[in-house]
Amino acid sequence: MNNQLLKEKLQATIKKNQINSDGYPLTNLKLDKSLVEEIEQLTTELESLNPNPQPLLHATDLLDGAWQLQYSTAREIRSLDSLPLGLQIGKVYQVINIADKLFFNLAQVQHPLGLISGYVKVTANFEPAIDISNTADKRINVYFDKRYLAIEKIVGINTPQLNPFKVVAANNPQGRIATLDITYLDETLRIGRGGDESLFILNKANDVPKLAC
């Protein structure tokens, strides 16, 4: 099976199992083991057909910009399933600025009755990880900076005084540097694997969040 067919099958499998149509990312937390294994197998097969195996050397233009998370096994994404005050997660983005080596992760949150809407944002900087041959091809070292908690609206009324209402230092792993391997990259799909073996599958975003790093 070629990479286009595998890509279409992987994306279709994720889409048909998404809980709602609002762009909420799928995680392995509430899926049957067989489905998690199917997604992992399709992902691994697609990674073996990566058209850009050295994205940090030859495809940084594809990497740059906004990406929307479709599926993840990462603990920090799964934890968004249990937010306080009845809040629910919406779309989750990663916006990458290659020129300045910055990115931010943005998770939109809202109350199902429309009482509150806002976001959680984490900023970070990164650098290419140099391997034993003194080159950088697909791995980046990640250094998280700040975490922003914001309420944008309460019962439909803008709340700029609460945007953000809290800014704290973001957590970095103790005893190691956080890493991300870009294991598949084309014009519309990106797959990454964290140093803790977490998986991230993202599509290039059309509705770019209007927030700066």
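Refer to the preceding data block for the structure.
Note that the coordinates shown come from a computational prediction; the quantities given were computed from them, not determined experimentally.

A. Quick look at helix H2 (residues 33-47). For H2, built from 15 residues, the straight-helix expectation of 21 Å at 1.5 Å per residue is met to within 8% by its first-to-last C-alpha distance of 21 Å. Within H2, the full set of buried residues consists of Leu-35, Ile-39, Leu-42, Thr-43, Leu-46 and Glu-47. The arc that holds every buried residue of H2, seen down its axis, measures 135°, which confines them to one face. Turned more than 90 degrees from where H2 packs its buried face, Lys-33 and Ser-34 sit exposed. If you follow the buried residues of H2, they end up packed against helix H1 (3-17), strand S1 (26-27), strand S2 (65-72), strand S9 (178-185), strand S10 (189-194) and strand S11 (199-204).

B. The packing of H1 against H2, seen in detail. One way to put it is that H1 packs onto H2 with a least axis distance of 9 Å and a crossing angle of 155°. Our classification of the angle between H1 and H2 gives roughly antiparallel. Seen from above, H1 lies across H2 with left-handed handedness. Side by side, H1 and H2 meet where Asn-3, Leu-6, Lys-7, Lys-9, Leu-10, Thr-13, Ile-14 and Asn-17 of the first sit next to Leu-35, Glu-38, Ile-39, Leu-42, Thr-43, Glu-45 and Leu-46 of the second. The residue makeup of the contact of H1 with H2, split by class, is 7 nonpolar, 4 polar and 4 charged.

C. Here's a closer look at the pairing of strand S3 (residues 88-97). Within S3, 7 of the 10 residues are buried, leaving the element largely enclosed by the surrounding structure. With 4 bridges connecting them, S2 and S3 associate as antiparallel partners. Looking at the pairing, Trp-67 lines up with Gln-94 of S3. Across 8 bridges, S3 lies against strand S4 (residues 102-110) in antiparallel orientation. The partner of Gln-94 across the bridge, within S4, is Asn-105. In sequence, S3 turns back onto S4 through a hairpin of 4 residues, with Lys-101 there showing a positive phi of about 55°.

Thresholds applied
- All residue numbers refer to positions counted from 1 along the written sequence of the respective chain.
- Where local features are concerned, this predicted model is filtered to residues with pLDDT of at least 70; where side-chain atom pairs are given and counted, the filter is 80 or more; whole-chain, interface and lining totals use all residues.
- In computing side-chain properties, one takes all heavy atoms of the structure into account and sets aside hydrogens as well as water.
- Under the DSSP-based scheme used, a helix requires at least four consecutive residues in state H or I and a strand at least two consecutive residues in state E, with every element numbered from the N terminus.
- What a helix should span is 1.5 Å times the count of its residues minus one.
- Any residue under 20% of the maximum accessible area for its type is buried, any over 50% is exposed, and the rest in between are partly exposed; the area is computed with a 1.4 Å probe on protein chains only.
- Taken from the helix axis, the directions to the C-beta atoms give the arc we talk about.
- Any two residues whose heavy atoms approach within 4.5 Å at even a single point are treated as in contact.
- Here the axes come from fitting lines to C-alpha atoms, over the contacting stretch only for helices, and the angles between their N-to-C directions go from 0 to 180 degrees.
- When an angle is under 35 degrees it counts as roughly parallel; over 145 it counts as roughly antiparallel; between 65 and 115 it counts as roughly perpendicular; any other value is oblique.
- Crossings are classed by handedness, with left-handed meaning an anticlockwise turn of the near helix from the far one by less than a right angle and right-handed meaning a clockwise turn.
- Classification used: nonpolar for Ala, Val, Leu, Ile, Met, Phe, Trp, Tyr, Cys and Pro, charged for Asp, Glu, Lys and Arg, polar for all others including Gly.
- One requirement defines pairing of two strands: DSSP has to find at least two bridges between them.

Purely geometric numbers; function is a separate question.
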